[in-house]
Amino acid sequence: MNKNIILIYAEITPDFYIHTVVFELIQKAIELSKSLENPSIELIMLTPQGLINGYKEGFENNGVDKVYVLENEKFRHYSTEYYSKTIIPIIEEIQPEIFLLGATNQGRDLAPRISSSLHTGLTADCIELQINEKGLLAATRPTFGGQLMATIICKNKPQMATVRPKVFKPLENIIKKETQYIYKEVNLSSINPQIELIDIIKKAQTTINDLDSSDIIVAGGKGMKSKEGFELLKDFANAIGGTVAASRGAVDIGIAPQEIQIGQTGKTVSPKLYIACGISGAIQHIVGMNNSDKIIAINSDSNAPIFENCDYGIVGDAFDIIPKLTNLLKQKKYKF
Amino acid sequence: MKILVCIKQVPDTTDIKWTEHNTIQREGVESIINPFDVYALEFALNIKKQCNNVHIIAITMGPPQADEMLRKAIAIGCDDGILLSDKKFAGADTYATSKTISQAIKKFSPDFDLIICGQFAVDGDTAQTGPSIASKLDIPQVTYVKSIENCDEESITVKKESDYGIEILKIKFPALVCVLQQDNEPTRPLINGIIKAQKASIKTLNMSDIELNSDDVGIKGSPTYVSKAFRAPNKRSEKFICTNCNELFEKICQCGVLNNE
Ligand SMILES: Cc1cc2nc3c(=O)[nH]c(=O)nc-3n(C[C@H](O)[C@H](O)[C@H](O)COP(=O)(O)OP(=O)(O)OC[C@H]3O[C@@H](n4cnc5c(N)ncnc54)[C@H](O)[C@@H]3O)c2cc1C
Ligand SMILES: Nc1ncnc2c1ncn2[C@@H]1O[C@H](COP(=O)(O)O)[C@@H](O)[C@H]1O
């Protein structure tokens, strides 16, 4: 009997870690596989030579049946040309039912290129995946800036979807299963690259990783008015053990860097606590932080939409409230 | 140099109104040019400032009213407009959209150097149409493009912003780029641009003009369909508004995330 293969693209970061979204997708694939007959969870991974042994430990006991390994020195940096031309024929050969990728910059660059070549559909930035009564992938995603949810079905195979990091929870339980590694030959000689990488300027990795892993995020908007306003937020974040983020309103007036923007055109985060200071709560901002466990809003305008999207709020001047909270935190620390 | 800019008319998503059945109210909603496609036009106009002999064509697939949007593009400095319009195109997903657009390009503008798309459209927000067009035309693509570093007859060098940092990439023509927000102030229509726009003859093409049939386009040509659409639920139904800082501080403590608890 044919296998129902769920294939996952194992994205590797520039510093050669497996992207966390891969483990979130594996966990989701395990859930989906319960509704499929004869399922198999498989990964496809493009890496420079000699790294695969380092990754094997990460895949041990997490329910993966097979890993397709494609090794080549050209895979040291992501390139749409090399990656898509390598992956497409392998997918044609494996014939997965479902093919999932992280909705990272890389995934969103690669996925449509592949789906278009394979004449199949692709659902971007899903927030929920299920198998419907007909055994098809029902992929739910936000549209209209997060206001309307749409559940999308794909008529062709593979049924492709991308999922933003941090939307699903990563694997928790150990699943005893032997993972098979299949090494595929890579031949890039027929590809005449049209794109040349001239330079890479790496980001200060800390800000991004911090936002991803932080339990507490203190976000500032245009209401923080100046760089000094953001200094207040930094003090507060230090006192509470959190990381500073921003709305596009703050980025646009130049008081915060784009790297820390949350929202539709920024990052998606899901901390335990999100404190929005001087942020009006536009839908494009909300979609980036609505998965937080608890949201606190500090805003001087009692009609600001952020109050519709918070657990606790306070109406008042952030320049007054934030230093007070910082002090209360410091006092509390002295007690211990 | 011949540049094609793909632009799309979208409902203004910052101003969505709901019917009592929780569906989006379509009447009376203003159509705007997708904000990222405004950036795509700016990107093309920036190339025009830096290079000689640049010819820009704005192209859209949409209803007949989209003609007006193409004229606005001409008013700010584009040279021509192509409108792909046919009842059969309705309901297209990104696969069918990119097939329609790429087929029109093959038929009517195969000698292009660069195609510019917005990074995404705010109604669907898929960011798929650009790469799908590139795939169908078998040309390289660069997404998340922030700015132009350099440009000549054969290539363009751009700055790409990704999750991990900035890349400087040199792309040989023909190619496609998807662009992010541009930093310059949006170009305003010029007086002679407005006159040119009024006089311009927009090339309008239907399905048979681009030699596709009804299985290739619109709903029929789309591998995906929407099985359900619903209003995003508000997850936070029990809100508590504090009256002073101490009260708020207590609520923060109760969240159970502070380190030394
Ligand atoms: C296509 C598109 C994509 C977008 N993507 C994003 C995105 O990714 N992220 C994002 O954030 N936005 C995004 N936006 C922009 C979004 O629509 C809003 O414009 C933006 O979020 C507003 O930022 P803000 O809340 O900081 O500013 P404003 O809306 O100006 O709000 C400032 C708030 O501060 C309050 N305030 C003022 N002074 C004080 C004070 N002293 N104390 C306390 N409160 C005070 C005001 O009452 C107000 O509510 C996008 C828009 C579009 C069209
Ligand atoms: N109907 C259309 N006509 C012209 N260009 C389009 C159309 N749909 C999408 N695009 C282009 O593709 C980009 C991405 O759109 P999307 O894939 O819908 O997020 C847009 O910014 C446009 O440049």
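Engineer: Would you mind going over the sheet that holds strand S5 (residues 122-126) of chain A with me for this structure?
Structural biologist: Adjacent strands of a sheet pair through backbone hydrogen bonds, lying either parallel or antiparallel. Residue and element names in this part refer to chain A. Reading across from one edge, S5-S9-S4-S1-S2-S3-S10 is the order of the seven strands in this open sheet, with parallel pairing throughout. Each edge of the open sheet is held by one strand with a lone partner, namely S5 and strand S10 (180-184). With strand direction ignored, the average angle separating the axes of adjacent strands in the sheet is 20 degrees. Direction of pairing for strand S1 (residues 4-9) relative to strand S4 (residues 98-102): parallel, over a ladder of three bridges. Considered in S4, the bridge of Leu 7 is made with Phe 99. Running at roughly 160 degrees to strand S2 (residues 39-47), helix H3 (residues 80-94) makes contact with S1, S2, strand S3 (66-71), S4 and S10 of the sheet.

Engineer: Just checking my understanding: could you explain the packing of helix H3 (residues 94-108) of chain B against helix H4 (residues 129-137) of chain B for this structure?
Structural biologist: Helix packing for two helices is described by the angle between their axes and how far apart those axes are. All names here are of chain B. One way to put it is that H3 packs onto H4 with a least axis distance of 8 Å and a crossing angle of 50 degrees. By the angle class used here, H3 and H4 are oblique. As H3 packs across H4, the resulting crossing turns out to be right-handed. On the side of H3, the interface is formed by Thr 94, Tyr 95, Thr 97, Ser 98, Lys 99, Ile 101, Ser 102, Ile 105 and Lys 106, while H4 contributes Thr 129, Ser 132, Ile 133, Lys 136 and Leu 137. Looking at the contact of H3 with H4 residue by residue, the class counts come to five nonpolar, six polar and three charged.

Engineer: Even after reading the chapter, I still don't get the interface of chain A and chain B, so can you show me in this structure?
Structural biologist: Interface size is commonly expressed as the accessible area that is lost once the parts come together. Listed as interface residues are 88 residues of chain A and, on the opposing side, 78 residues of chain B. Overall, the association of chain A and chain B removes approximately 7200 Å² of surface from exposure, summing both partners, and the carbon and sulfur fraction of that is 56%. Area buried by chain A at its contact with chain B is led by A:Asn105, A:Arg113 and A:Phe144, which between them contribute 10% of it. Of the charged contacts in the structure, one is a salt bridge between A:Asp311 and B:Arg236, with a shortest N-O distance of 2.9 Å. The interface formed by chain A and chain B holds 32 residue pairs in polar contact (both at pLDDT 80 or more) in total. Classifying every residue of the side of chain A that touches chain B by side-chain character gives 35 nonpolar, 30 polar and 23 charged. By the bridge criterion, seven bridges tie strand S8 (residues 148-154) of chain A to strand S12 (residues 224-231) of chain B in an arrangement that is antiparallel. Bridging across to S12(B), A:Leu148 finds its partner in B:Arg231.

Engineer: Hey, could you run me through the confidence of the model for chain B in this one?
Structural biologist: Regions with low pLDDT carry predicted coordinates that are not meant to be interpreted in detail. Summarising the model, chain B shows a mean pLDDT of 91, and 98% of its residues fall at 70 or more. Overall fold confidence for the complex sits at a pTM of 0.88, while the interface term, ipTM, reaches 0.88.

Engineer: Explanation requested: H4(B) in the structure shown.
Structural biologist: An α-helix turns once per 3.6 residues; consequently, residues spaced three or four apart project the same way. Here H4(B) lies mainly inside the structure; eight of its nine residues are buried. Those residues of H4(B) that fall on the buried side of the exposure criterion are B:Gly130, B:Pro131, B:Ser132, B:Ile133, B:Ala134, B:Ser135, B:Lys136 and B:Leu137. Buried residues along H4(B) sit against helix H4 (105-117) of chain A together with strand S1 (2-6), H3, strand S6 (114-118), strand S7 (141-151) and strand S10 (175-179) of chain B. Count one or two residues on from H4(B) and you reach B:Asp138, which has phi positive near 55 degrees.

Engineer: Sorry if this is basic, but what is going on with the site of ligand 2 here?
Structural biologist: Residue and element names in this part refer to chain B. Ligand 2 sits among 19 residues. The nearest are Cys 6, Asp 37, Thr 126, Ala 127 and Thr 129. Between an oxygen atom of ligand 2 and a main-chain N or O atom of Gln 128, the distance comes to 3.0 Å. Protein contacts shield 97% of the accessible area of ligand 2, which totals 480 Å² for the unbound molecule. Elements that contribute at least two residues to the shell around ligand 2 include exactly strand S4 (55-61), H3 and S6.

What counts and how
- Residues numbered from 1 in each chain as written.
- Chains lettered and ligands numbered in written order.
- Predicted model: local features only at pLDDT ≥ 70, side-chain atom pairs only at ≥ 80, totals over all residues.
- Heavy atoms only, no water.
- Pairing = 2+ DSSP bridges.
- Helix = DSSP H or I, 4+ residues; strand = E, 2+ residues; numbered from the N terminus.
- Axes fitted to C-alpha atoms, helices over the stretch in contact; angles between N-to-C directions.
- Contact = heavy atoms within 4.5 Å.
- Parallel < 35°, antiparallel > 145°, perpendicular 65-115°, else oblique.
- Left-handed = near helix turned anticlockwise from the far one by under 90°.
- Nonpolar A, V, L, I, M, F, W, Y, C, P; charged D, E, K, R; others polar.
- Buried area = accessible area lost by both parts, 1.4 Å probe.
- Salt bridge = Lys/Arg side-chain N within 4 Å of Asp/Glu carboxyl O.
- Polar contact = N/O pair within 3.5 Å; in protein donor to acceptor, adjacent residues only side chain to side chain.
- pLDDT = per-residue confidence, 0-100.
- Buried < 20%, exposed > 50% of the residue type's maximum accessible area, 1.4 Å probe, protein only.
- Near = heavy atom within 4 Å.
- Areas by Shrake-Rupley, 256 points an atom, 1.4 Å probe, with all protein chains shown as cover.

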